[in-house]
Amino acid sequence: MNLDIKYNKTALREFQKKMNVRKGALPTLKNKEAALRAIVFETRGKLEKAMSDYQDILKEMKPWKALWKEYDSDFELLEIQDIKVEEMKVAGIKLSSFNGIEFNTPDFSYAVFPNWYPEGLAAMKVLLAAKVKYQLLEKQLVLLEDARKKATQKVNLYEKVQIPALESAIRQIKRYLEDEDNLSKASQKLLKLKIHKQALV
């Protein structure tokens with residue numbers, strides 16, 4: 001941190017003020033970083049569980065693969081109408097949490113379509129819901145990781161760069177002002193001594 005050091009009391013007060021602001025903010029920043037670290041750990045666990053659930057559903061649906069070849073791709077059988085999310089703020093970060101999914105299923109004739117379609121559609125809805133939940137958690141983790149990294153960088157910047165630089169600048173200014181004060185007192189003593197000697201002559 002490059003500081004423009006001016007050796008006067010105004011600069012000293014300015015640097016002391018800046019240092020006090022940073023020292024005051026540091027505990028809050030550390031708490032935020034710790035909270036984000038815990039939330040990232042928790043979200044990573046949720047993401048792993050969601051991914052595992054999604055993979056399990058995919059395995060369960062493997063036998064359906066051959067049946068889906070009967071599906072007429074010109075007919076839209078299943079459409080996501082709305083993904084319900086709950087907006088929440090975690091450590092100052094806006095996140096979207098999965099809260100359900102709504103599908104639009106057009107009417108179709110059971111006489112025309114294979115009789116496995118209703119069960120297949122129910123399974124597909126479960127699969128899509130699991131996938132959307134997984135993708136939302138993935139986005140959450142990216143946002144939280146980014147916020148955690150920024151908080152860590154700020155803590156490190158304050159702790160390892162700015163506060164030590166300000167402390168060093170304050171020490172330098174204090175030493176300079178003390179030396180200046182000592183020189184001033186010494187020159188006053190010398191002047192008094194000189195005046196006293198001249199008065200004696």
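Cut-off values and rules
Residues numbered from 1 in each chain as written. Predicted model: local features only at pLDDT ≥ 70, side-chain atom pairs only at ≥ 80, totals over all residues. Heavy atoms only, no water. Helix = DSSP H or I, 4+ residues; strand = E, 2+ residues; numbered from the N terminus. Rg over C-alpha atoms; globule rule 2.2 N^0.38 Å. Buried < 20%, exposed > 50% of the residue type's maximum accessible area, 1.4 Å probe, protein only. Contact = heavy atoms within 4.5 Å. Areas by Shrake-Rupley, 256 points an atom, 1.4 Å probe, with all protein chains shown as cover. Patch = residues over 30% accessible without salt bridge, like charges linked within 9 Å, V, L, I, M, F, W, Y side chains within 5 Å. Salt bridge = Lys/Arg side-chain N within 4 Å of Asp/Glu carboxyl O. Phe/Tyr/Trp six-rings, centres within 6.5 Å; stacked < 30°, edge-to-face > 60°. Pairing = 2+ DSSP bridges. Expected span 1.5 Å × (residues − 1). Bend = angle between axes of the 7 residues up to and from the residue.

Explain the overall build of the chain to me, please; I cannot follow it from the model alone.
Per the secondary structure count, the chain includes 2 helices and 2 strands. Counting helices and strands in the order they occur from the N terminus, the chain gives α-β-β-α. Scaling as 2.2 N^0.38, a compact globule of 201 residues should have a C-alpha radius of gyration of about 17 Å, whereas the chain reaches 35 Å, well beyond that. By principal-axis analysis of the C-alpha atoms, the chain measures approximately 130 × 25 × 20 Å. Buried positions account for 28% of the 201 residues belonging to the chain. Put simply, of all contacts in the chain between residues at least 6 apart along the chain, 77% involve residues at least 24 apart. If you sum the accessible surface of the chain, you get close to 14,100 Å²; carbon and sulfur atoms cover 54% of it.

Would you explain a nonpolar patch on the surface in this entry?
Together, Ile 80, Ile 83 and Val 85 make up an exposed nonpolar region whose accessible area comes to about 200 Å². Relative to the helices and strands, Val 85 resides in strand β1 (residues 79–90).

Please explain the packing of aromatic side chains as it appears in this structure.
We describe a pair of aromatic rings using the distance from one ring centre to the other and the angle between the two ring planes. A full pass over the atoms with the stated rule returns 2 aromatic pairs. Where Tyr 7 meets Tyr 176, the ring centres are 4.9 Å apart and the plane angle is 45°; that geometry is what we call tilted. A residue pair is termed long-range when its members are at least 10 positions apart, and Tyr 7 in the segment before α1 (9–60) and Tyr 176 in helix α2 (residues 117–200) qualify at 169 residues. Look at Tyr 54 and Tyr 134: their rings are 6.4 Å apart centre to centre, the planes differ by 0°, and that puts the pair in the stacked class.

Just checking my understanding: could you explain the pairing of strand β2 (residues 93–104) for this structure?
Two faces, one strand: in a regular strand the side chains alternate between the faces of the sheet. Across 10 bridges, β1 lies against β2 in antiparallel orientation. Each bridged residue has a counterpart across the sheet, and for Glu 79 the counterpart in β2 is Asn 104. In this structure, the hairpin formed by β1 and β2 is closed by a connection of 2 residues, where Ala 91 is found at a positive phi of approximately 50°.

Explanation requested: α1 in the structure shown.
Three or four residues apart is the spacing at which side chains of an α-helix point the same way, because the helix has 3.6 residues per turn. Helix length check: α1 (52 residues) gives 75 Å between terminal C-alpha atoms against 76 Å at 1.5 Å per residue, within 8%. Roughly 30° is the biggest bend found in α1, and it falls at Leu 26, with proline Pro 27 one to four residues downstream.

Explanation requested: unusual backbone geometry in the structure shown.
Among all residues save glycine, negative phi is the norm, and among peptide bonds the norm is trans. If you check the backbone angles, Ala 91 has positive phi at about 50° while not being a glycine. Within the secondary structure, Ala 91 sits in the loop between β1 and β2. What makes Ala 91 partly exposed here is its relative accessible area of 29%.

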